[in-house]
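# Examination of the molecular architecture
So you can see what is in the structure, the chains are spelled out below.
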Amino acid sequence: MRFFKWNAHFIFVIALYLLVSIVSVAFPLSLMNITDTLIGGGNERLMPLYIGCSSLGISQMVLVYTSGKLNNSYVANRMIQLREQINSVILNTSFEQFNQYDKEEYQNLLYANIENLEEDYYNAVLNIITKGLLLSCSLITLIVLQPMLTLALVVIIILISVLPLVFSVRIIKLKEEHINLNGKYINITNEIISGFNIIRIYCRQKIFSEKANENIKFLEKKRLHLKNTMLKANVIFGSATILIMLIIFLLGGYLVSKEMLTVGSLIAFIQLIMYVIEPSINIAQDVNKVTSTKPIREQIQSILKLEVAESSNHEFNIIREIHLKGISYVYENATAPILKNINLRFEKGKKYAIVGGNGCGKSTLLKIIAGLISGYNGEIYINQKNHKGTINSIGFVDQDNFLFQGTILNNINLFNEDNFLENDIQRLIKQLDFETLLLKLNEDVGSNGECLSGGQRQKVSIARAIFQSPQLLLLDEPNSALDSENSELLYRLIENMKDCICIMITHEDEDALNIFDEIIEVKNGEAYVKSRALVS
Ligand SMILES: Nc1ncnc2c1ncn2[C@@H]1O[C@H](COP(=O)(O)OP(=O)(O)OP(=O)(O)O)[C@@H](O)[C@H]1O
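Residues numbered from 1 in each chain as written. Predicted model: local features only at pLDDT ≥ 70, side-chain atom pairs only at ≥ 80, totals over all residues. Heavy atoms only, no water.

As recorded in an unreviewed UniProt entry, the protein chain goes by the name Vitamin B12 import ATP-binding protein BtuD, listed as coming from Neobacillus rhizosphaerae. Recorded under Subcellular location (unreviewed entry), the UniProt text for the protein chain is reproduced unchanged: "Cell membrane". (UniProt positions renumbered as here; feature names shortened; annotations may be inferred.)

Structure, rendered in structure tokens:
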């Protein structure tokens, strides 16, 4: 991924900056002419010189404004493209690749770190180019004006440019530590906001405010340290500037007294020296800024390297059969596999209940079937063809029942306006007999459905899965928040779904599971058919 893009816009910005530099350098030269003309008594030539000087001033103003505007729009475009690219990669990567990073890492990158890039990378790099152009134009002019003095100047500038190198290593390290602390602070504040109810109910304000305050202190201390280091660098550069000015002034004064330099040239020289020293310092500072964003750029690069899922959402018009052969799975960092050599067969039109104790691996098995987990051993055959990845014709109700901000309708048709079949959804909800949902169909559910009850969230999640007319319906304890009446309705609905494979995880007693064709028990990492319906 290239952060900068050589396009017409970029080249135009650089061309304008070159023009700004040329005009900036021409201005002190024109002042030189005015001063020397005034001292030499050539008053009749003054008026055109004044006009020329003013025109240069006005052109400089216009050019600085125009180039600045173009610079800003170029950076804004790059930021938009970068954010779009990151979002697209994240949205299209495989589940396994996505899970390489913690949720917090993505959040920190997208909320905070990427913001730093605009100022400390894009603007800093463009500033280096701008200042570099001004510095080069000024140096060339200075060499033409007075080569000896310029040589002395160049030597001094080279000496002071070693200084930033000393500071840059320290600044990068501090910036990196600051980014880490900032990430931790974002995490703790997220926890305080998300866990507000628990914190208040169990009166844990003190613990959490101590946690947050400790983080704030560390964070601010680090920020202060970083700022002070940058300040130290600036003061040293500033002092070096004054020293250079003094040396040049003394040398220049000496050359004027020896009539080797005119007064006008000395004034122009000093102005041009400023155009060399200031950009040198700015460039050194900007180089520090750019290098300080290295950890962020590396983080972005590694996220952008996430591969787009190879076999995302395979299309299946009909799923006749799913066959798991020798499936084993071990979670990263876990010492033992959670699933060992699972062999199961699921057939169209049949309903399967998966039972087993807490933490035995039922949800893991369901996620493997859904294609959410891919690093397993063994094979999955769909319609007798080896398959990896997710499939399109699936309905999935997980334990989280995550809802997007929007209406219940949005959450059922998943913002698919083409598929905006309100009547169908109404019919479905009536069929599910989730009548309370009907009244709220166009109401906003709030962030993650906070305006709905737990049971209502679960109902929306079920309606969403069924609305997709799935070939494969996977339900992870879909009635855990439903009352017995609604739970019974759900069972009737599942019973009538003849065209799909339905696999449901449940903790209910076997007596309640008579609509299922098979009850599969997961125990000690293994899965076996515990009982079959008498009819099959
Ligand atoms: N993302 C993960 N990373 C590491 N370990 C995990 C992860 N998800 C689950 N586990 C572990 O795998 C085991 C099985 O979890 P799983 O959610 O499949 O159990 P389950 O049978 O569905 O349990 P329950 O009935 O309580 O929902 C648990 O010990 C859990 O701690």
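Having put the structure on the table, let's press on.
Okay, the overall build of the protein chain next. Of the regular secondary structure elements, the protein chain holds 15 helices and 10 strands. Along the longest, intermediate and shortest principal axes, the C-alpha atoms of the protein chain span 115 × 50 × 45 Å. Residues classed as buried in the protein chain amount to 46% of the 536 residues present. The long-range fraction of contacts in the protein chain, counting pairs at least 24 apart against all pairs at least 6 apart in sequence, stands at 75%. About 28,400 Å² of surface is accessible on the protein chain, with carbon and sulfur atoms providing 57% of the total. One finds the centroid of the 49 positive side-chain charges in the protein chain at a distance of 6 Å from the centroid of its 54 negative side-chain charges. (Helix = DSSP H or I, 4+ residues; strand = E, 2+ residues; numbered from the N terminus. Buried < 20%, exposed > 50% of the residue type's maximum accessible area, 1.4 Å probe, protein only. Contact = heavy atoms within 4.5 Å. Areas by Shrake-Rupley, 256 points an atom, 1.4 Å probe, with all protein chains shown as cover. Lys, Arg positive; Asp, Glu negative; His and termini not counted. Charge placed at Lys NZ, Arg CZ, Asp CG, Glu CD.)

A word on the site of the ligand. Of all residues adjacent to the ligand, which total 13 residues, the nearest are Asn358, Gly359, Lys362, Ser363 and Thr364. Contact between the ligand and cysteine 360: an oxygen atom at 3.2 Å from a main-chain N or O atom of the residue. At 2.7 Å, a side-chain N or O of lysine 362 approaches an oxygen atom of the ligand. Here the ligand loses 58% of its free accessible area of 630 Å² to cover by the protein chains. Residues that form the shell around the ligand fall into these classes: three nonpolar, eight polar and two charged. (Near = heavy atom within 4 Å. Polar contact = N/O pair within 3.5 Å; in protein donor to acceptor, adjacent residues only side chain to side chain. Nonpolar A, V, L, I, M, F, W, Y, C, P; charged D, E, K, R; others polar.)

Our focus in this paragraph is the nonpolar core. Of all hydrophobic cores here, the largest spans 37 residues; its most connected members are Ile86 and Ile300. If you list the elements that add at least two residues to this core, you get helix H1 (8–40), helix H2 (46–92), helix H4 (103–145) and helix H9 (294–304). Among residues more than four places away in sequence, those in contact with isoleucine 300 are Phe3, Leu82, Ile86, Leu109, Ile114 and Leu117. (Core = buried A, V, L, I, M, F, W, Y, C linked by side-chain atoms within 4.5 Å.)

So, on to the packing of H2 against H4. One way to put it is that H2 packs onto H4 with a least axis distance of 11 Å and a crossing angle of 150°. Classified by the interaxial angle, the pair formed by H2 and H4 is roughly antiparallel. In this structure, H2 meets H4 at a crossing whose hand is right-handed. Across from Asn71, Tyr74, Val75, Arg78, Met79, Leu82, Arg83, Ile86, Asn87 and Ile90 in H2, the residues of H4 making contact are Tyr106, Leu109, Leu110, Ile114, Glu115, Leu117, Glu118, Tyr122, Asn123 and Leu126. (Axes fitted to C-alpha atoms, helices over the stretch in contact; angles between N-to-C directions. Parallel < 35°, antiparallel > 145°, perpendicular 65-115°, else oblique. Left-handed = near helix turned anticlockwise from the far one by under 90°.)

On average, the protein chain scores 86 in pLDDT, and the residues at 70 or more come to 93%. Summarising per-element confidence for the protein chain, the mean pLDDT is lowest in helix H13 (residues 435–439) (65) and highest in strand E8 (residues 501–505) (96). This prediction of the complex comes with two scores: 0.73 for pTM and 0.97 for ipTM. (pLDDT = per-residue confidence, 0-100.)

Here we come to the environment of isoleucine 373. With respect to the secondary-structure elements, isoleucine 373 resides in the loop between helix H10 (362–370) and strand E4 (377–382). Along the chain, isoleucine 373 and tyrosine 331 lie 42 residues apart, while their C-alpha atoms are 9.8 Å from each other.

Turning our attention to unusual backbone geometry. Residues other than glycine seldom take positive phi values, yet glutamate 259 does so here, at roughly 55°. Tracing the backbone shows glutamate 259 in the loop between helix H7 (205–257) and helix H8 (263–292).

Any two side chains of opposite charge can pair if their charged atoms end up close together. All told, the structure shown has 13 salt bridges when counted by the stated rule. Its salt-bridge partner being arginine 345, residue glutamate 321 comes within 2.6 Å of it at the nearest N-O pair. On the criterion of sequence distance, the pair formed by glutamate 321 in strand E1 (residues 321–329) and arginine 345 in strand E2 (residues 339–347) is long-range, its members being 24 residues apart. Overall, arginine 345 belongs to the partly exposed group, its relative accessible area being 39%. A salt bridge links arginine 492 to glutamate 488, with the nearest nitrogen and oxygen atoms 2.0 Å apart. Of this pair, arginine 492 and glutamate 488 both sit in helix H15 (residues 484–495), four residues apart, roughly one helical turn. (Salt bridge = Lys/Arg side-chain N within 4 Å of Asp/Glu carboxyl O.)

Two aromatic rings are characterised by how far apart their centres lie and by the angle between their planes. Applying the stated rule across the entire model yields 15 aromatic pairs. Here phenylalanine 10 and tyrosine 74 contribute two aromatic rings whose centre-to-centre distance is 5.0 Å and whose plane-to-plane angle is 35°, an arrangement assigned as tilted. Here tyrosine 74 lies in helix H2 and phenylalanine 10 lies in helix H1, a separation of 64 residues in the sequence. What makes tyrosine 74 buried here is its relative accessible area of 2%. Ring pairing ties together the aromatic residues Phe3, Phe4, Trp6, Phe10, Tyr74, Tyr121 and Tyr122, which thus form one cluster. (Phe/Tyr/Trp six-rings, centres within 6.5 Å; stacked < 30°, edge-to-face > 60°.)

Moving on to the sheet that holds strand E5 (residues 385–387). Strand order in the open sheet formed by four strands is E2-E1-E4-E5, with antiparallel pairing between adjacent strands. Every interior strand has two partners, whereas the edge strands, E2 and E5, have only one. Mean inter-strand twist for the sheet, computed between neighbouring axes without regard to direction, equals 20°. Pairing geometry for E1 and E4, over five bridges, is antiparallel. Its bridge partner being in E4, serine 328 is matched across the sheet by asparagine 377. Contacting E1, E2 and E4, H10 crosses the sheet at an angle of about 60° to E2. (Pairing = 2+ DSSP bridges.)

Packing of H1 against H8 leaves a shortest axis separation of 7 Å and a crossing angle of 160°. What the angle tells us is that H1 and H8 run roughly antiparallel. Here H1 and H8 pass one another in a crossing that is right-handed. Across the interface between the two elements, Ser24, Val25, Pro28, Leu29, Met32, Thr35, Asp36 and Ile39 from H1 touch Val263, Gly264, Ser265, Ile267, Ala268, Gln271, Leu272 and Tyr275 from H8.

A separate point is a negative patch on the surface. Taken together, Asp102, Glu104, Glu105 and Glu191 make up a surface patch of like negative charges. Along the chain, glutamate 191 falls in helix H5 (residues 147–194). (Patch = residues over 30% accessible without salt bridge, like charges linked within 9 Å, V, L, I, M, F, W, Y side chains within 5 Å.)

Residue class for glutamate 321 comes out buried when judged on its relative accessible area of 12%. A distance of 2.6 Å separates a polar atom in the side chain of glutamate 321 from a polar atom in the side chain of arginine 345. Apart from the residues within four sequence positions on either side, glutamate 321 is in contact with Arg345, Phe346, Tyr381, Ile382, Asn383, Gln384 and Ile501.

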